[in-house]
Amino acid sequence: MAEQNTTGSTTAGSIEVGTAGAGAQLAGPGTGRTAVQQPIDARVAVKPSFDVNDFPVPHGREEDWRFTPLHRLGGLHDGTAAAAERGEDKVEFALPDGVTAETVGRDDARLGKAGTPVDRVAAQAFSAFEQALVVTVPKDAVLTEPVKIDVRAEGGVRFAHVVIDVKPFAEAVVVLNHVGTGTRAANVELLVGDGAKLTFVSVQDWERDAVHVAQHNALVGRDASFKSVVVTFGGDLVRLHPRVNYAGPGGEAELFGLYFADAGQHLEHRLIIDHDTPHCRSNVAYKGALQGQDAHAVWVGDVLIRAAALGTDTYELNRNLVLTDGARVDSIPNLEIETGEIVGAGHASATGRFDDEQLFYLMARGIPADEARRLVVRGFFAELLQQIGVAEVQEQLMEKIDAELEAAV
Amino acid sequence: MATLEIRDLHVSVEAENGPREILKGVDLTVKQGETHAIMGPNGSGKSTLAYSLAGHPKYTVTGGSVLLDGEDVLEMSVDERAKAGVFLAMQYPVEVPGVSVSNFLRTAATAVRGEAPKLRLWVKEVKEAMAALQMDPAFAERNVNEGFSGGEKKRHEILQLELLKPKIAILDETDSGLDVDALRIVSEGINRVRSTGEVGTLLVTHYTRILRYIKPDYVHVFAGGRIVESGGAELADKLENEGYEAYVKGGASE
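Remember, it's a predicted structure, so these values are computed and weren't measured experimentally. (Residues numbered from 1 in each chain as written. Chains lettered and ligands numbered in written order. Predicted model: local features only at pLDDT ≥ 70, side-chain atom pairs only at ≥ 80, totals over all residues. Heavy atoms only, no water.)

Draft legend 1. View of the overall build of chain B. What chain B contains, in helices and strands, is eight helices and 12 strands. Each principal axis of the C-alpha atoms in chain B carries an extent, and together these give about 55 × 40 × 40 Å. Per-residue burial for chain B yields a buried fraction of 54% across its 254 residues. Taking the contacts inside chain B whose residues are at least 6 apart along the sequence as the reference set, 70% of them involve residues at least 24 apart. Looking at chain B as shown, the accessible area adds up to about 11,300 Å², and 49% of this sits on carbon and sulfur atoms. (Helix = DSSP H or I, 4+ residues; strand = E, 2+ residues; numbered from the N terminus. Buried < 20%, exposed > 50% of the residue type's maximum accessible area, 1.4 Å probe, protein only. Contact = heavy atoms within 4.5 Å. Areas by Shrake-Rupley, 256 points an atom, 1.4 Å probe, with all protein chains shown as cover.)

Draft legend 2. Up close: the sheet that holds strand 5 (residues 71-72) of chain B. Residue and element names in this part refer to chain B. The antiparallel open sheet is built from four strands, whose spatial order is 2-1-4-5. The open sheet terminates on both sides in strands that have one partner only, identified here as strand 2 (18-31) and strand 5. Two elements, strand 1 (residues 3-15) and strand 4 (residues 59-68), share eight bridges in a ladder whose sense is antiparallel. Within strand 4, the position partnered with Glu5 by the bridge is Leu67. Contacts from helix 1 (residues 46-54) reach strand 1, strand 2 and strand 4 within the one sheet, and its direction differs from that of strand 1 by about 105°. (Pairing = 2+ DSSP bridges. Axes fitted to C-alpha atoms, helices over the stretch in contact; angles between N-to-C directions.)

Draft legend 3. Layout of the UniProt feature "domain: SUF system FeS cluster assembly SufBD core" (unreviewed entry) in chain A. Within the UniProt annotation, "domain: SUF system FeS cluster assembly SufBD core" (unreviewed entry) is assigned to residues 153-380 of chain A. Annotation note: span residues 153-380 of chain A, helix share 9%, strand share 62%, distance between end C-alpha atoms 31 Å. (UniProt positions renumbered as here; feature names shortened; annotations may be inferred.)

Draft legend 4. Geometry of the packing of aromatic side chains. For the structure on display, the rule yields eight aromatic pairs over all chains. Taking 6.5 Å as the distance between ring centres and 45° as the angle between the ring planes, the aromatic pair formed by Tyr286 of chain A and Trp299 of chain A counts as tilted. Linking Tyr286 of chain A in strand 13 (residues 281-290) with Trp299 of chain A in strand 14 (residues 296-305), this pair joins segments that are 13 residues apart in sequence. Assessed through its relative accessible area of 0%, Tyr286 of chain A is described here as buried. You can call Trp299 of chain A buried: its relative accessible area is 0%. Here Tyr361 of chain A and Phe104 of chain B contribute two aromatic rings whose centre-to-centre distance is 5.7 Å and whose plane-to-plane angle is 15°, an arrangement assigned as stacked. Remark: Phe104 of chain B occurs in helix 3 (residues 101-113) and Tyr361 of chain A occurs in helix 4 (residues 356-363); the pair is interchain, linking two chains. Grouping residues by exposure puts Tyr361 of chain A and Phe104 of chain B together as buried. Above the face of the Phe129 of chain A ring, Arg106 of chain A is positioned so that its terminal group lies 4.6 Å from the ring centre. Taking NZ or CZ as reference, Arg239 of chain A lies 3.6 Å from the ring centre of Trp65 of chain A, over its face. (Phe/Tyr/Trp six-rings, centres within 6.5 Å; stacked < 30°, edge-to-face > 60°. Lys NZ or Arg CZ within 6 Å of the ring centre and 35° of its normal.)

Draft legend 5. Main features of the pattern of salt bridges. Residues and elements named next belong to chain A. Taken as a whole and assessed by the stated rule, the structure comprises 33 salt bridges over all chains. The salt bridge involving Arg239 is made with Glu268; its shortest N-O contact spans 3.2 Å. Of the two residues, Arg239 is situated in strand 10 (residues 237-246) and Glu268 in strand 12 (residues 266-275); the sequence distance between them amounts to 29 residues. The network of salt bridges with common partners includes Asp119, Arg239, Glu268 and Arg270. (Salt bridge = Lys/Arg side-chain N within 4 Å of Asp/Glu carboxyl O.)

Draft legend 6. Here's a closer look at the nonpolar core. Formed by 118 residues in total, the largest nonpolar core has its most connected members in Leu362, Phe381 and Ile401 of chain A together with Leu4, Ile6 and Leu49 of chain B. At eight residues, the largest contribution of residues to this core is made by helix 5 (residues 369-386) of chain A. With near-sequence residues (within four places) excluded, Ile6 of chain B lies in contact with Val26, Asp27, Leu28, Leu49, Leu53, Ser65 and Val66 of chain B. Core analysis: the next-biggest nonpolar cluster, separate from the first, contains 59 residues, Ala186, Val188, Ile273 and Tyr286 of chain A among them. (Core = buried A, V, L, I, M, F, W, Y, C linked by side-chain atoms within 4.5 Å.)

Draft legend 7. Seen up close, the sheet that holds strand 6 (residues 86-89) of chain B. All names here are of chain B. Taken in spatial order, the six strands make up an open sheet running 6-9-10-3-11-12, and their pairing is mixed. In this open sheet, the two edge strands, each paired with only one partner strand, are strand 6 and strand 12 (226-231). The average undirected angle you get between the axes of adjacent strands in this sheet is 20°. Alignment of strand 9 (residues 168-172) against strand 10 (residues 200-205), held across five bridges, turns out to be parallel. Bridge pairing links Asp172 to Val204 in strand 10.

Draft legend 8. Structural detail: the side chain of His36 of chain B. All names here are of chain B. Along the chain, His36 falls in strand 3 (residues 35-39). Overall, His36 belongs to the buried group, its relative accessible area being 2%. At 2.7 Å, the side chain of His36 forms a polar contact with the side chain of Glu34. Among the polar contacts made by the side chain of His36, one reaches the side chain of His220 at a distance of 2.9 Å. (Polar contact = N/O pair within 3.5 Å; in protein donor to acceptor, adjacent residues only side chain to side chain.)

Draft legend 9. Expanded view of the interface of chain B and chain A. Chain B puts 32 residues into the contact, and the matching count from chain A is 16 residues. Across the chain B to chain A interface the summed buried area is about 1,900 Å²; carbon plus sulfur atoms make up 71%. In this structure, Glu157 of chain B and Arg365 of chain A form a salt bridge, with 2.7 Å as the shortest nitrogen-oxygen distance. Inspection of the chain B/chain A interface yields eight residue pairs in polar contact (both at pLDDT 80 or more). If you list the elements that add at least two residues to the side of chain B that touches chain A, you get helix 1, helix 2 (78-84), strand 6, strand 7 (96-100), helix 3 and helix 5 (150-164) of chain B. Here the side of chain B that touches chain A takes six residues from helix 3 of chain B, the largest share from any one element. (Buried area = accessible area lost by both parts, 1.4 Å probe.)

Draft legend 10. Here's a closer look at helix 7 (residues 234-242) of chain B. All names here are of chain B. Every buried residue of helix 7 is accounted for by Leu235, Ala236 and Leu239. One side of helix 7 carries all its buried residues, which in axial view fall inside an arc of 100°. More than 90 degrees from the buried face of helix 7, the exposed residues found are Glu234 and Asn241. Immediately beyond the C-terminal end of helix 7, within one or two residues, lies Gly243, with a positive phi of roughly 70°. (Arc of directions from axis to C-beta.)

Put into structure tokens, the structure is as follows:
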């Protein structure tokens, strides 16, 4: 059900406050699940753990691995990468006044607070990293410039661990930019203190042959705001797993994503928002464009509203624009609701294509084919980009999109 | 003076059981300043003529020639035809999600004129053209044809006609689906463009209704993939009274 979105397919669903049956798990057309499908937490076969040995090696038929071409993971899933030679990362920082970046050992008490690895690769990364990076934004600090962490991977295998700790009432934008190539697995912890505001931008601008798997754990404090912006252009296989948990009521999480898959690329984004705390909000919008043979995008958006999460307000959306034949999209929104006492919950997924009639219409007005395609893709992403709220980042991303189109059209 | 010359044009489409010929030798000359009405029953091929001239990939030209001021139109890509001065107002304009009308118009004007219009003059030009077509300024911020009513789509087509100032305007059933008010507004727009004397107009229509607002210099009856009769405006009156019956029979007997 809605497992493979053919072009032109659309699914949508919503549930209103206190609707009869709202306590039941949604099933049927448009919910991305059948009645017999397991609930979200049961579908994750193994309990979260920091220890790689607690997870069996995936064989590819598991619910959370079935879209991922395991043979292209560079051995991250079966221990061979861990045994291989380590590569180097060149990391550069731009740290506004007051912000610190420390390299710490595995035993640092600040690690592992925002969440626990949920699959074997994330646990592998946690089990194998040598040093972690801890970036701290002090209490009450309101940054006017973004924190920048530029990572250039220089081949080989590397496991990373990053903690972004934004103390209470601080406000920060953090941009984690990935370039270069290699096989990389990481956990990123995002601690958003009470009343704090964090915009976290992760850009995957890898070279074509990179492999990158990462879990992002956000722990959103009481009355805190967290915005995640995930932008994936490069790599051979990128699989990201942004997760949100709430540490107190009144928290807000917005998760935006933008991806552009070219021929042969596998770009996978799996989100989980776990509403287990009352009066929290979440909003998800991911948009992707695909072009070329065997370009493959996977989007899985799981939202769980537990019985305790009264007053939850959540919406998730995924849109895909298929520019050429031969591309494939799997888009699966899942909404699981254990209480009817909520403000709202909905989801939508649609996959459309840039078709010959649109192209003809634009060309009949004098617009050349490549410019027409650019116009449509820019328009498709523009609305999402505007929601990032960081002008510098928005401009850079628009330039990247133009470059992607320039290169491939 | 710009002249479009269509000579013995044959056009086919790909059908289930091989190519099917739809245009079977069309001859027509349209000069700047002239208005030609192409009238015919459904399925006579008049829309195929319109789309073939604009270069729609669905149609394959199998014979004949189309020249604009001596230049071979059939050798041009779709956008090159538009830049050369051929404009097609479509019967069913296509939705382009994510692209605003204002962005689309400016991109098109830049392409057709060969340089970006000066911003301040451009804003004024668009505003005046929209006002003349009784279009709300908020319209410019909507996505191209997305959620437009039938009347809005046709006004948007004529807005483009006014802004892009082609040498040859092909209006494919611009009158279909319009109520009387919208038909009048759209017709006035077309007449404003015609009154410049700089455009040759090919008005493709099934009904004579629009000809009460737009007086053609020539009327051509289209049937069976070719022009079967040509005359002045009085031919439209004859069609109004007698319909296409006589021509359809003729077409069927070929």
